[in-house]
Amino acid sequence: MNAGAIWAIYRYEMGRFFRTLAQSFISPVISTSLYFVVFGAAIGSRIDEVGGVSYGAFIVPGLIMLTVMTQAITNASFGIYFPKFIGTIYEVLSAPVSFLEVVVGYVGAAATKALFIGVVIMVTASFFVDLRIAHPLPMALFLVLTCVSFALMGFIIGIWAKNFEQLQLVPLLIVTPLVFLGGSFYSISMLPQAWQTIALFNPVVYLVSGFRWSFYGMADVPVAVSLVVIAGFLALCLAAVWWIFRTGWRIRA
Amino acid sequence: MSPILEIADLRKTFPGGVEALSGVSLEVREGEILALLGPNGAGKTTLISTVCGLTEPSGGTVRVAGHDIQRDFRAARALIGLVPQEIALEPFQRVWDGVRFSRGLFGLPRDDAHLESVLRQLSLWEKRAAQTRELSGGMKRRVMIAKALAHEPRVLFLDEPTAGVDVELRRGMWEVVERLKAEGVTIILTTHYLEEAEALADRVGVVNRGELLLVEETGALMDRMGRKELVIELQEPLDAVPAALADYGLELAEGGAALVYTYDRRSERTGITRLLADLQAAGLALRDLSTRQSSLEEIFVGLVQEDVA
Ligand SMILES: Nc1ncnc2c1ncn2[C@@H]1O[C@H](COP(=O)(O)OP(=O)(O)O)[C@@H](O)[C@H]1O
Ligand SMILES: [Mg+2]
C-alpha cells in the first residue's frame, strides 16, 4: 500500500479547501442563516411545531443533510474531474498508486470537507434554535456514512463526465430534486397520502428521517430501515467503484 | 549488464481501430540517451504513454529494471519519471507545493534538500513560491521536469521537450539533459528536431507508423546512412558542367565557382580519385576542396520514404 500517495492526494485536495477557507466557511454559515430567516421565521411562524419540536429546530437535520450531500458530490466530482480536464491526472496515473488508493485520497478529502461544512451548519444552527441531540453516536454515524457514500457517488460522476455539462447534469437533474423532495423541510406525514407513497421511493427520505431521529427521536420511517438504505447505497457506490477499477473504465486509454 | 528498459513486441490498438503501435521491441541501456525520431502520428507518445502506465497495452511486455510494468507496476513506476508532451500544471499551485506533491505520490518521505537541488538545477529555485500561471512557457516546461525528478527516477522520459521552444531555451534544455545523463539518469526523449537527436543522443530510434524502423548509434547511423558531398572550388567559374565529366552527376554551385559531387560513404569506391584525375584532364584548376555530411534530417526523410515505398 502506498499510504504516502493517499496522504499526498488528501493533503493536496484539502489544501485547496483551506486556501479558500473563508469562502468554505462563510458560505454555509450565510446560507444556513438565510434558511432560518426564510423557513424558520417566515414559514415557521405559521407552522408552530412538528411532533413537539419547533419548526426551526425541525429543519436543522434536513438542512445539514441537504448541504452535506450536495457538497460531498460537488467536491468529489470536481476533485477528480479537474485533473482529468487540465491533464494533470497523468501524474497520478504514472505514479506507483493503485486505483483504490486514488479513490481513498479523493473521496476521503471530499467527505472530510462535507463533514466540516455539516458541523459548521450544526454549530450555526445552535445559535438560532434549541438544538438537542438525543443520540449523538448514531447521529455521527449517519453523518459520516452520508458524507462518504455521496462523495463516492460524486467521484463516479467525476470519472464518468466528459465535460462540465455532464459534471453538473446528475447533481442538477437527479440529486437536487431528490434532496429537496426528501423531507428536509417537512415531515412526510404532512403530505397527502398519494405523495407519501411516492416519497417512500426516494432514498433521501430515509437518510433525512434517520438523521432527524438521531436528533429528536422521531422518524418518518423506522431507523433500522434508514440504516439499511444508507448502507445499501454505500455498498452500491463501492460496487460501482470496484467495477470501474476492474475495467479501467474511462481512466486509462 | 542487463538493459534498464526492455520492450518486447509492444502493441497498442485504440478503441476505434487505430493501430498506434504494431509490435515495437526495444532495449535501452542504463545511462544512455536514446532519441526517438518520427513524424507526427508515428506512435512516439503512445509508446511512452504505454510504458509509463497512461495507456493499457494491447499486447507485448515492458520491463523496467526487470519489473513488469503491469504485474509489478509499483516497482516499475517507482523508477520512471515522465514529462509528457503537453504542459499540464495546476495554474494556482505553487512550484514548491507541486514538486512536494509529486514526490509524495511516489510514497517517498519528504526530502526538502533533494527538491531544492532539483529546483536549483533547473533554475527554478527563485520561483519556488510562484504560482505556475505566473511562469513563462519555458519555466513551466522546467517545472514539469522538476516534478518528474522529484522522486529520483532512474529512467526519464521526455516527450518533445523542446517543441515550440526558442533556440536559447532549447540550448538550456540540452544542458539540463546532459547534466542528468552525467548523474547517471537514463533518458529517452522524442523529438522531430534532428539536430537535437544528433547533438544529444547516444542512440537514435526511428519510428514510423507504429513501427520502430531501426535503432542505431547516432554516429554509426550517420556513417552508414550518411551521404557525403565533395565541394570542389574552381579557380575559374564555369557556365556548365564540362561534357567530359557528365558521368559524375556534378552540380554547379556558387554561380559556377564550385562543383558539388555527391557520393555514398558506404560504397567501396567513392569515385573521388577518378573524378580528381578527370578534373585535371579536363583542364580545370582547383582552388579548394571540402566535404560535408548530410544531416540526420536528410537521412531520416530517406528512411521514411523507403518505408512508404
Ligand atoms: N487516445 C487515442 N485514441 C485514438 N487514437 C489515438 C489516441 N492517441 C493517439 N492516437 C493515434 O495514434 C497514432 C499515434 O499517435 P502518437 O503516439 O500521439 O504519435 P506521435 O507522438 O509520434 O506524434 C496517431 O494516429 C494518433 O491519431
Ligand atoms: Mg507525440
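Please read these numbers as outputs of a predicted model, since none were measured by experiment.

(A) Quick peek at empty space enclosed by the protein. By the definition in use, this model includes 3 cavities of 30 Å³ or more. The space that makes up the largest cavity amounts to roughly 140 Å³. Taken together, 13 residues line the largest cavity, and the ones lying closest to its centre are A:Tyr12, A:Pro83, A:Thr88, B:Glu90 and B:Phe101. Contributions of two or more residues to the lining of the largest cavity are made by helix H1 (3-19), helix H3 (55-86) and helix H4 (89-93) of chain A. Here the element with the most residues in the lining of the largest cavity is H1(A); it accounts for 3 residues. Tallied by class, residues from the lining of the largest cavity come to 6 nonpolar, 2 polar and 5 charged.

(B) Spatial organisation of the domain arrangement of chain B. Once the domains are mapped, chain B shows domain 1 (5-223) and domain 2 (227-293). Once you take the C-alpha centre of each, domain 1 of chain B and domain 2 of chain B turn out to be 45 Å apart.

(C) How the structure looks around the site of ligand 1. All names here are of chain B. Surrounding ligand 1, one finds Phe-14, Val-18, Ala-20, Pro-39, Asn-40, Gly-41, Ala-42, Gly-43, Lys-44, Thr-45 and Thr-46. Gly-43 places a main-chain nitrogen or oxygen 2.9 Å from an oxygen atom of ligand 1. One of the side-chain N or O atoms of Thr-45 is found 2.7 Å from an oxygen atom in ligand 1. For ligand 1, whose free accessible area comes to 560 Å², the fraction covered by protein is 63%. Here the element with the most residues in the shell around ligand 1 is helix H1 (residues 44-52); it accounts for 3 residues. For the shell around ligand 1, the class distribution of residues is 5 nonpolar, 5 polar and 1 charged.

(D) Quick look at the sheet that holds strand S7 (residues 155-159) of chain B. All names here are of chain B. Ordered by their spatial adjacency, 6 strands build an open sheet running S6-S7-S8-S3-S9-S10, and the pairing between neighbours is mixed. Because the sheet does not close on itself, it has two edges, and the strands there are strand S6 (80-83) and strand S10 (211-217). Averaged over all pairs of adjacent strands, the angle between strand axes in this sheet comes to 15°, irrespective of strand direction. Across 5 bridges, the pairing between strand S3 (residues 33-37) and strand S8 (residues 186-191) is parallel. Bridge pairing links Leu-36 to Thr-190 in S8. Where H1 meets the sheet, its contacts fall on S3, S6, S7, S8 and strand S9 (203-208), and the angle it forms with S7 comes to roughly 145°. Across the face of the sheet, helix H5 (residues 137-149) comes into contact with S6 and S7 while running at roughly 165° to S6.

Rules behind the numbers
Residues numbered from 1 in each chain as written. Chains lettered and ligands numbered in written order. Predicted model: local features only at pLDDT ≥ 70, side-chain atom pairs only at ≥ 80, totals over all residues. Heavy atoms only, no water. 1 Å grid on protein atoms, 1.4 Å probe; cavity = no way out; pocket = protein on both sides within 12 Å on 5 of 7 lines; lining within 4 Å. Points joined across faces, edges and corners; volume = space filled by probe spheres on them. Helix = DSSP H or I, 4+ residues; strand = E, 2+ residues; numbered from the N terminus. Nonpolar A, V, L, I, M, F, W, Y, C, P; charged D, E, K, R; others polar. Domains from an automatic or database assignment. Near = heavy atom within 4 Å. Polar contact = N/O pair within 3.5 Å; in protein donor to acceptor, adjacent residues only side chain to side chain. Areas by Shrake-Rupley, 256 points an atom, 1.4 Å probe, with all protein chains shown as cover. Pairing = 2+ DSSP bridges. Axes fitted to C-alpha atoms, helices over the stretch in contact; angles between N-to-C directions. Contact = heavy atoms within 4.5 Å.

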